[in-house]
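What follows is each chain in one-letter form.
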2 protein chains.
Amino acid sequence: METKGTLLSYRPDVRVVDATIRDGGLVNDFRFTDEFVKKLYQANIKAGVDYMEFGYKASKDIFPEADFGPWKFCREESIRKIVGDNDSDMKIAVMADVGRTDFRRDIIDKSDSVIDLIRIATYINTIPAAIEMVEYCHEKGYETTIHIMAISSDNDTDIEEALDLIGQSSVDGIYIVDSYGAIYPEQMRKLADKYLFFADKYDKFVGIHAHNNQQLAFANTIEALSKGVSYLDVTVSGMGRGAGNCASELLLGFLKNPKYNILPILDILEHEIVPLKENGMIWGYDVPYLLTGQLNQHPRPAIAATKERRTDYRNFYVDLVDYK
Amino acid sequence: METKGTLLSYRPDVRVVDATIRDGGLVNDFRFTDEFVKKLYQANIKAGVDYMEFGYKASKDIFPEADFGPWKFCREESIRKIVGDNDSDMKIAVMADVGRTDFRRDIIDKSDSVIDLIRIATYINTIPAAIEMVEYCHEKGYETTIHIMAISSDNDTDIEEALDLIGQSSVDGIYIVDSYGAIYPEQMRKLADKYLFFADKYDKFVGIHAHNNQQLAFANTIEALSKGVSYLDVTVSGMGRGAGNCASELLLGFLKNPKYNILPILDILEHEIVPLKENGMIWGYDVPYLLTGQLNQHPRPAIAATKERRTDYRNFYVDLVDYK
């Protein structure tokens, strides 16, 4: 198998993207304390993390502000309260969902913003709307990435067509997103080849955002990396929706670039994550997530089952299969 | 990359080996109730599991019987109490450690035993002793496998020499064992190629026994499978020493042979594993195991740290690195 790089060397094109507040925010409706976010920000800088995603730029017309913490909306002033002018080597990212972002109102000129990268999330049937947002953000001066979600239920022809359309846009990078945690490493390598083919053609980079339903988030991330994928999403303790993501501590301990350092993340695990878990915040691999992942389904029923602490796994499984 | 089989078909050479009582026994000193073992036995049969390992054939001269439950010793009558004459398609296995088994006394003629397979565990420096045990057990009429433990700290030349020696014995199969949970999929595929080369030369099969320190037990198992490895060790809920093993429910949901059925295992998770965990039995992925795995070290300090519920991960890590 052809790989880019080896297990002992490192690739200078690699970027580690911490998505803890954004994907973890889906667990607690974005209600992190400023202290938590500030400590994570400082730890990420010390750990050598390249980008930190602070949350969504969600439309306040669609989502009532009272129902969420500040990171659902990522106002400029909310971020600056944490990072000031972000006098560091780490860049700041936010996510903007197609159809759920009032981008013409809420995304200001880059020259007035502390944000560097706008990550645009889309389903495969709204690629033109995603590209419209890319062009808008690019014009404003931001770096941009496109994230096609739930591709494990899309067909190859559609994915290829989407990649070819996206390639012709001003976007900087394209993400492989395994929303359902359904993709196996063997498939991930093929997907990486496919994304990289179009990325190379149009001079873009490729990223990966994995979910851990089948305990494959880390494996899929390093397998995609070995093929040439370079933007790698992680969250501290894998904190994220449902089964969560590739854990920062797994990836930072694996990468060989001496700029990366696991120790600041271990501090966060000890002082911030242990208390969150003790206070009852729940995320990470569990049987219901495994089952939706195996069946290539949205994790919604598994999230509900976990919230209710259901352990009647057989009933849960039979319902899933029946629903299909 | 050349693979054996595809993700949609199945390979008739695959065998699923449940090692819950043996590897899980390392968590509770082999003190499972007969009821637990019987329910697992019945569930494994219904799930299509091909072998069930009941524990160790440990020497009573070395290990005081009072310190352990019955599955440390696997007397013939202990197993028969659960399985009778094992009137099923599932075969019975036990493990015998080189240097810790009084095999000439404790391993009787196969014709008098309900055991089918004797799995001989060795380090790389005791291969001749392992082969002596293989020949003894083979002569007695058993199937045999050899398990070279902790190979992540062995060098390639030694491994190749060991495989060539083992190949010339009467053993039926050779196992890749990732005792430290230190091996990455990219390395696992190369190891699989190496083991399969010698296995093909001498007409043996290859098995895999993975540990989950870096959340790679399932990934490494299916990657090894894709290269041609055919005997796949699992435990229910990944129950096993330290970070545990590849979970039965992950693998059985992945395999495409219609003989395999995840439902009986989901029943065991609900009715047997949930209570064990509620009663305080601890196993599975956690930060200390991740760190020993990353550093390619024995999980012993991580097991101790987990028992003491230590969360001072930085101190723990610094001690590990210092110890090296």
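See the structure printed just above.
Read on for a plain summary of the structure. This one's a predicted model, so the numbers in the text were calculated from it and none came from an experiment. (Residues numbered from 1 in each chain as written. Chains lettered and ligands numbered in written order. Predicted model: local features only at pLDDT ≥ 70, side-chain atom pairs only at ≥ 80, totals over all residues. Heavy atoms only, no water.)

1. Here we look at the overall build of chain A
Okay, step 1: A tally of helices and strands in chain A yields 13 helices and eight strands.
Okay, step 2: Taking 20 Å as the expected radius of gyration for a compact globule of 324 residues, we find that chain A reaches 19 Å, a close match to that expectation.
Okay, step 3: Each of the three principal axes of chain A carries a C-alpha extent, and together these read 55 × 45 × 45 Å.
Okay, step 4: Here the analysis covers contacts within chain A between residues at least 6 apart in sequence; of these, 75% occur between residues at least 24 apart.
Okay, step 5: A total of about 12500 Å² of accessible surface is found on chain A, and carbon and sulfur atoms cover 47% of it.
Okay, step 6: Looking at chain A, you have 37 positive and 51 negative side-chain charges, and the mean spots of the two groups are 2 Å apart. (Helix = DSSP H or I, 4+ residues; strand = E, 2+ residues; numbered from the N terminus. Rg over C-alpha atoms; globule rule 2.2 N^0.38 Å. Contact = heavy atoms within 4.5 Å. Areas by Shrake-Rupley, 256 points an atom, 1.4 Å probe, with all protein chains shown as cover. Lys, Arg positive; Asp, Glu negative; His and termini not counted. Charge placed at Lys NZ, Arg CZ, Asp CG, Glu CD.)

2. With respect to the side chain of Asp50(A)
Okay, step 1: Tracing the backbone shows Asp50(A) in the loop between helix 2 (34-47) and strand 2 (51-56).
Okay, step 2: In this structure the side chain of Asp50(A) is engaged in a polar contact, spanning 2.3 Å, whose partner is the side chain of Lys259(A). (Polar contact = N/O pair within 3.5 Å; in protein donor to acceptor, adjacent residues only side chain to side chain.)

3. Remarks on the pairing of strand 5 (residues 143-148) of chain B
Residue and element names in this part refer to chain B.
Okay, step 1: The buried count for strand 5 comes to five of six residues, which makes it a mostly enclosed element.
Okay, step 2: This β-α-β element, strand 4 (residues 117-122) to helix 5 (residues 127-140) to strand 5, shows right-handed connectivity.
Okay, step 3: Pairing analysis gives four bridges linking strand 5 to strand 6 (residues 173-177), with the strands arranged parallel. Residue Ile146 lies in a different strand from strand 6, and its bridge partner there is Ile174.
Okay, step 4: Handedness of the β-α-β unit built from strand 5, helix 6 (residues 156-167) and strand 6 comes out right-handed. (Buried < 20%, exposed > 50% of the residue type's maximum accessible area, 1.4 Å probe, protein only. Right-handed = clockwise from strand over helix to strand, strands pointing away. Pairing = 2+ DSSP bridges.)

4. Focus: the sheet that holds strand 5 of chain B
All names here are of chain B.
Okay, step 1: Within the closed barrel, the eight strands sit side by side as 1-2-3-4-5-6-7-8. Their pairing is parallel. In this sheet, adjacent strand axes meet at a mean angle of 25° when their direction is disregarded.
Okay, step 2: Relative to strand 3 (residues 91-97), strand 2 (residues 51-56) is paired through four bridges, and the arrangement is parallel. In the sheet register, Tyr51 faces strand 3, and the bridge partner there is Lys91.
Okay, step 3: Each of strand 1 (15-18), strand 2 and strand 3 is contacted by helix 2 (residues 34-47), which is oriented at about 155° to strand 2, the strand it contacts most.
Okay, step 4: Along the sheet, helix 7 (residues 185-202) contacts strand 5, strand 6 and strand 7 (205-209); its crossing angle with strand 6, the most-contacted strand, is approximately 165°. (Axes fitted to C-alpha atoms, helices over the stretch in contact; angles between N-to-C directions.)

5. A closer look at the interface of chain B and chain A
Okay, step 1: Counting from both sides, the interface comprises 40 residues of chain B and, opposite them, 40 residues of chain A.
Okay, step 2: At the boundary of chain B and chain A, one finds four salt bridges.
Okay, step 3: Here chain B is connected to chain A by 10 residue pairs in polar contact (both at pLDDT 80 or more).
Okay, step 4: Breaking the side of chain B that touches chain A down by element, the ones donating at least two residues are helix 7, helix 8 (217-227), helix 9 (248-254), helix 10 (263-278), helix 11 (287-294) and helix 13 (313-323) of chain B.
Okay, step 5: At seven residues, the largest contribution of residues to the side of chain B that touches chain A is made by helix 10 of chain B.
Okay, step 6: A breakdown of the residues in the side of chain B that touches chain A according to their chemical character gives 23 nonpolar, nine polar and eight charged. (Salt bridge = Lys/Arg side-chain N within 4 Å of Asp/Glu carboxyl O. Nonpolar A, V, L, I, M, F, W, Y, C, P; charged D, E, K, R; others polar.)

6. Brief notes about the packing of aromatic side chains
Okay, step 1: What the rule picks out here adds up to 28 aromatic pairs over all chains.
Okay, step 2: A centroid spacing of 5.7 Å and a plane angle of 85° characterise the contact between Phe30(A) and Tyr56(A), whose relative ring orientation is edge-to-face. Here Tyr56(A) lies in strand 2 and Phe30(A) lies in the loop between helix 1 (20-28) and helix 2, a separation of 26 residues in the sequence. Judged on exposure class, the residue Phe30(A) and its partner Tyr56(A) are both buried.
Okay, step 3: Taken together through their ring pairs, the aromatic side chains of Phe30(A), Tyr56(A), Phe63(A), Phe68(A) and Phe73(A) make up a single cluster.
Okay, step 4: Its guanidinium or amino end placed over the ring of Tyr56(B), Lys72(B) lies 5.7 Å from that ring's centre, counting from NZ or CZ. (Phe/Tyr/Trp six-rings, centres within 6.5 Å; stacked < 30°, edge-to-face > 60°. Lys NZ or Arg CZ within 6 Å of the ring centre and 35° of its normal.)

7. A short note on the pairing of strand 7 (residues 205-209) of chain A
Residues and elements named next belong to chain A.
Okay, step 1: With five of five residues buried, strand 7 is to be regarded as a mostly interior element.
Okay, step 2: Of the two faces of strand 7, both are covered, the one formed by Phe205, Gly207 and His209 as well as the one formed by Val206 and Ile208.
Okay, step 3: The sheet contact formed by strand 6 (residues 173-177) and strand 7 spans five bridges and is parallel. By the bridge assignment for strand 7, Val177 is matched with His209.
Okay, step 4: For the handedness criterion, the β-α-β arrangement of strand 6, helix 7 (residues 185-202) and strand 7 is classed as right-handed.
Okay, step 5: Relative to strand 8 (residues 231-234), strand 7 runs parallel, the two being bridged by two bridges. Bridged to Ile208 within strand 8 is Leu232.
Okay, step 6: The handedness of the strand 7 to strand 8 crossover, carried by helix 8 (residues 217-227), is right-handed.

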